[in-house]
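A look at the structure
Each chain, letter by letter, is given below.
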Amino acid sequence: MSDKKAEPYIKFRCKDVRVHYGQNEALHGIDIEIPDNGVTAFIGPSGCGKSTFLRVFNRMNDTIEGARVSGSILMDGEDIYDKNLDPVLLRARVGMVFQKPNPFPKSIYDNVAYGPKIHGLTTSKAEMDHLVEKSLKRAGLWAEVKDRLKSPGTGLSGGQQQRLVIARAIAVSPEVILMDEPASALDPIATAKLEALIDELKERYCIVIVTHSMAQAARISDKTAFFHMGDLVEFGPTEMIFTNPGNSRTQDYITGRTG
Amino acid sequence: MSQIENPETKSKKKKNRKSGKKPHKMTSLHNSEAALLRLKKRRAKEGRFILWGRLAIGFAVASLMWLLFSLVGTGYTAFTQHFITLDVKLEASILDPTDIRDPEKLRAANYRRLIQTSMQAQIEGVTDRKEKRALFNLVSASGATNYVRQKVYKNPNLVGQTLTVTVPTSDEVDQLLKGYIDRETPEARRKVSNQQIEWIDELVDRGVIKPKFNTIFFTGTDSRDPELAGIASAVVGSLMLLSVAFILAFPIGVGAAIYLDEFAPKNKWTDLIEININNLAAVPSIVFGLLGLAVFLNFFGMPRSAPLVGGMVLALRAFPTITIATRAALRSVSPSITNGALSVGASHVQAVFHHKLPLAAPGILTGTIIGMAQVLGETAPLLMIGMVAFVTEIPTSVMEPASALPVQIFLWSDSAERAWSERTSAAIIILLLVLITMNGFAIWLRNKLEKRR
Amino acid sequence: MNSIVAYILMLLIISVIAGFAFNFTAAQKRITLYKGVDVKSERVYHSQSGYHGYLTAWLIGISGFLIFLGGLFLRPDTGGLIFNTVWIGVLILTAASITYLCNQRIRPEFRARTHVERLVIGALIVLSAIAVFTTLGIILSLLFESLRFFDKVPFTEFLFGTQWSPQMALRADQAGQSGSFGAVPIFAGTFLIMLIAMAIAGPIGLMIAVYLSEYASKRVRAYVKPAIEILAGIPTVVYGFFALLTVGPTIRNLAEGFGFSVPTQSAISAGVVMGVMIIPLISSLSDDVINSVPQNLRDGSYALGATKSETMKKVIFAGALPGIIGAFLLAISRAIGETMIVVMAAGRAANLTGNPFEAVTTVTVQIVALLTGDQEFDSPKTLAAFALGLVLFVITLILNVIALTIVRKYRERYD
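The numbering scheme is per chain: residues are counted from 1 as the chain's sequence reads. Each chain is given a letter, starting from A, and each ligand a number, starting from 1, according to the order in which they appear as written. Residues qualify for local features only when their pLDDT is at least 70, as the model is predicted, and side-chain atom pairs are given and counted only at 80 or more; totals for whole chains, interfaces and linings, by contrast, use all residues. With hydrogens and water set aside, each side-chain value is computed from the structure's full complement of heavy atoms.

Description of the interface of chain C and chain B
The criterion, for reference: Here, residues are in contact when the closest pair of their heavy atoms is within 4.5 Å. Accessible area, probed at 1.4 Å, shrinks when two parts are joined; the buried area is that loss added up over both. Just to be clear on terms, a salt bridge is a Lys or Arg side-chain nitrogen sitting within 4 Å of an Asp or Glu carboxyl oxygen. Helix and strand assignments come from DSSP, with helices taken as H or I runs of at least 4 residues and strands as E runs of at least 2, each series counted from the N terminus. As a working rule, the residues Ala, Val, Leu, Ile, Met, Phe, Trp, Tyr, Cys and Pro are called nonpolar, Asp, Glu, Lys and Arg charged, and the rest polar, with Gly in that last group.
The interface of chain C with chain B comprises 82 residues on the first partner and 77 residues on the second. Across the chain C/chain B interface, buried area totals approximately 6800 Å², and carbon plus sulfur atoms make up 77% of it. Residue Arg42(B) is joined to Glu310(C) by a salt bridge in which the shortest nitrogen-to-oxygen separation is 2.7 Å. Looking at which element gives the most residues to the side of chain C that touches chain B, the answer is helix α4 (residues 112–152) of chain C, with 19 residues. Each residue belonging to the side of chain C that touches chain B can be placed in one class, and the counts come to 53 nonpolar, 21 polar and eight charged.

Brief notes about the interface of chain C and chain A
Short version of the rule: Here a polar contact is taken to be a pair of N or O atoms separated by no more than 3.5 Å, where protein atoms must pair a possible hydrogen donor with a possible acceptor and residues adjacent in sequence count only if both atoms sit in side chains.
Counting residues at the interface gives 20 residues for chain C, matched by 24 residues for chain A. Counting every contact that joins chain C to chain A gives zero salt bridges. Between chain C and chain A we count five residue pairs in polar contact (both at pLDDT 80 or more) in total. Going through the elements one at a time, α7 (218–233), α10 (295–303), α11 (308–337) and α14 (380–414) of chain C are the ones with two or more residues in the side of chain C that touches chain A. A total of seven residues in the side of chain C that touches chain A trace back to one element, the largest contributor, which is α10(C).

Regarding the sheet that holds strand β6 (residues 94–97) of chain A
Residues and elements named next belong to chain A. Rules: Think of it this way: DSSP has to see at least two bridges between two strands before they count as a pair. Axes here refer to lines fitted to C-alpha atoms; in helices the fit is confined to the stretch in contact. Angles between the N-to-C directions go from 0 to 180 degrees.
Read from one edge to the other, the open sheet built from six strands follows the order β6-β7-β8-β3-β9-β10, with strand pairing classed as mixed. Two strands bound the open sheet, and with one partner strand each, they are β6 and β10 (231–237). Each strand of the sheet is rotated relative to its neighbour by a mean of 15 degrees, with strand direction disregarded. Of the strand pairs in this sheet, strand β3 (residues 38–43) and strand β8 (residues 206–210) are connected by five bridges, and their pairing is parallel. Following the sheet pairing, alanine 41 is matched in β8 by isoleucine 209.

Points about the domain arrangement of chain C
Stated precisely, the cut-off is as follows: Reported domain spans reflect what an automatic or database domain assignment gives.
Domain assignment breaks chain C into domain 1 (2–136) and domain 2 (180–414). Using only C-alpha atoms to locate each centre, domain 1 of chain C and domain 2 of chain C end up separated by 49 Å.

Remarks on the environment of Met198(C)
Residue and element names in this part refer to chain C. Inclusion rule: Burial here depends on accessible area, computed with a 1.4 Å probe over protein chains only, as a share of the maximum for the residue type. Under 20% is buried, over 50% is exposed, and the range in between is partly exposed.
Among the secondary structure elements, methionine 198 is positioned in helix α6 (residues 184–215). Residue classification places methionine 198 among the buried residues on the basis of a relative accessible area of 9%. Distance in space between the C-alpha atoms of methionine 198 and glycine 271 is 8.4 Å, their sequence separation being 73 residues.

Here's what the structure looks like:
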């Protein structure tokens, strides 16, 4: 299905991924290959399993009682569900941004420094200061908060909070950033800023984004996957999905007949 | 897959980078030896943290087990007691020399002699005065004499006949036969003499002394003799306390909650009431006892030791619990219920009483049960208003002196003898059974509620 | 003496029911007769028939209760036939006239429901005011008796004196032994036992809450939670007996094994048992607090690669700290005010000591000791109990109010 003319490096290879919540099967065998460097968007109606699938990549489903994941998910060729792989390590490499901004009830500085601190990434205060500044700059927030690093992160506006959360994820030096409808709680201006940021970040990181806004997917993503009722219906370059979908269900969704 | 976070992490990542293509971009940051070493340390910390959690739970559960086992272990033997069966000749010469069968005279007669004689009939060759007394000491002195006296008083025609009675042995005999008095200890330091042990063994062999279910414990009242002591008066006192407290605390608790949640304007007065109720729920219970002593007893001159006063004090103690539970229950009912009722033209009062309260009822019930369980277990305030009296009669009204089960436990706990601690523990077993049933029912109700939501 | 009171109460109940029944049926007849419409004026009745009955019942209930109370208050000690007849007569007369007046008001425009609802709300206000009156009663009675105590014993001696022996002189010639009321040893004993209890209950209760909410599987929770709840439901007198019967002797025997001599009643045995008693309080309050930290903060921390314990210590505790402090303050207040365990297990000797292996006494123990048994109400010995009670109430009040404010602020933060 995937278009391979440039032979891009594949970050994730998924085969027959199924997720169960208790007795319920939420995903019915997904096969997908997600390229490095670039934005891959998951779209589909609500309840289609796109968010569940996103949480497969950093094993966040493990934290939900009764959730089971089967199938194989290889990241850089290694099975991330290997019994010997510590999810803590995986999550350091695969960052995540949630639907609702969730800064910790700490200062802006401490929010960003939290990840590096627990992973022991810096050895001195100066190094940490530098890392915090770099991360905030990369998240495009530095100019707005550099004078009030000690004030609580929860005091920022929604859009700023979401960028703070991105800075927090970047500070751990991940390879992948997962975003679960990151703009759904934001106003249009904050959304535009966030989209611009994602556009910059995709040079460095592999970004997978779940969105229910097709316009957003069309604007920012390089590749798009359409999910429906727990199945991956279609996956391909974004222009192709939006202009010439191969599947009638995709067509119906995109043209607004279902959803 | 709930047990994912697994502590051991083997560094097999290096060889896993096989897939032909060279890793496009690999942050070594999280895979380096140093990172793995740090991870190992972090995992060890995590393990220690979990261990602390398990130890804490272990401590709490072990404490509970220790408490229950030690109380049940001490108390279960109190549910049986040894009884002695005697043939008592009701000789007219002793009971009624004048032969006029006056019940009052009969009541005052010397029943001790009768019991002594019938004990001597059981063991042959006891002539010495000291020996006679030792023999008499095997039977519960007041238990046996009172029992026979009551029989004769009720039916004076029995005089001259022989009555077969089964009466409790003295508590020493009971304790010896239950194995709590060590036969190996030197005689001087033992409450039962060698001679007595011989007699006891003989009487047991002949089937004269037998263990039976201890009905006295359930029908008797407080007594100076452990073998005659029972919890009946305390249980009745507790039930009276409970009724009075319920009648007062339930309307106060629920009414205050309804007012605060539904009708109260948001102002200083409402805030004051709210702070007061929350604080009262955490005020030490003994302070309520002081309030009862100063206000109900000394100011209003109500009677000491009465369940009415105790119930009033405990109602003040319990109603904040009910209020807090009721408010939580009311808040958990969706506001759309009220809106729905209002939209069909019901008044606010009607909406609350017809629609909201029924839906909140299980929550209110849970809070009430928990509050009443508190009332049943409360001791300290009752000490303040004099409910520590030695009550030997079952009270018949809420104005009479009464005891309560927890107070009875407190009073008995003062006596060091094994026979008393056995009965104290048995009373505790009864109290705990009732409380655990009440609390269990409340918890069951709450869980059912949570599931439905 | 009591039978007339019971009769009056019964009569009151009967007249309330009768008043309701009478006007309910009267209203029902009229309203159903004209199908809810008054034929003469062609107006719809405002209130349903039941409300006319309720209004009668409420009014009879309120005025009858006042007559009942007034009678109780005015009643001569001898009782008296005349008095009782008047009492009953007034009650019946009032009930009858209220029923008649209400009956006259059964008209379309009469807003019986509105009146009933006003009465209902009024009753609710009275019920909720009882909380305030209870607190007021506590404060006034404690303050009043304490002031009488401080008339006889100087305030400073009470607060700062180190000698506590409240026995009063039995005979006039024992002038030297007028009793001394220095409460410092009592405060010290209370503090010592509270510290021991908190040293046990604080960490253990907190760890139980953490483990149950973050680590325990459903099955473990299903067993451990009820066990903790049983612990919470055990009356304190039972804990006291447990300390006396089992824990005290065990500690004494253990200490003897090490060559120490520890009395059966000691600060340590009372403190340990009190700690066990407080564990459920701390664990359930902390559990509430921890669970009210939103899940998305946990998710955020896990997604950064934090372990559960790191998330707990650095994110959740940081967020939940005020709530946890509030829980601890409430627990301290409970420990200070706890009575039965210390009465039974801590001893009565007023030792000024920091040694947990000695017998100490507490505020609550002394209140019980001073007020049980023979007492004359005016002796400083009895009044001292109220002074101690006042101290106890003020300290726990301060702790409770701080704790409740913190917890409330904290709840609002995540609501």
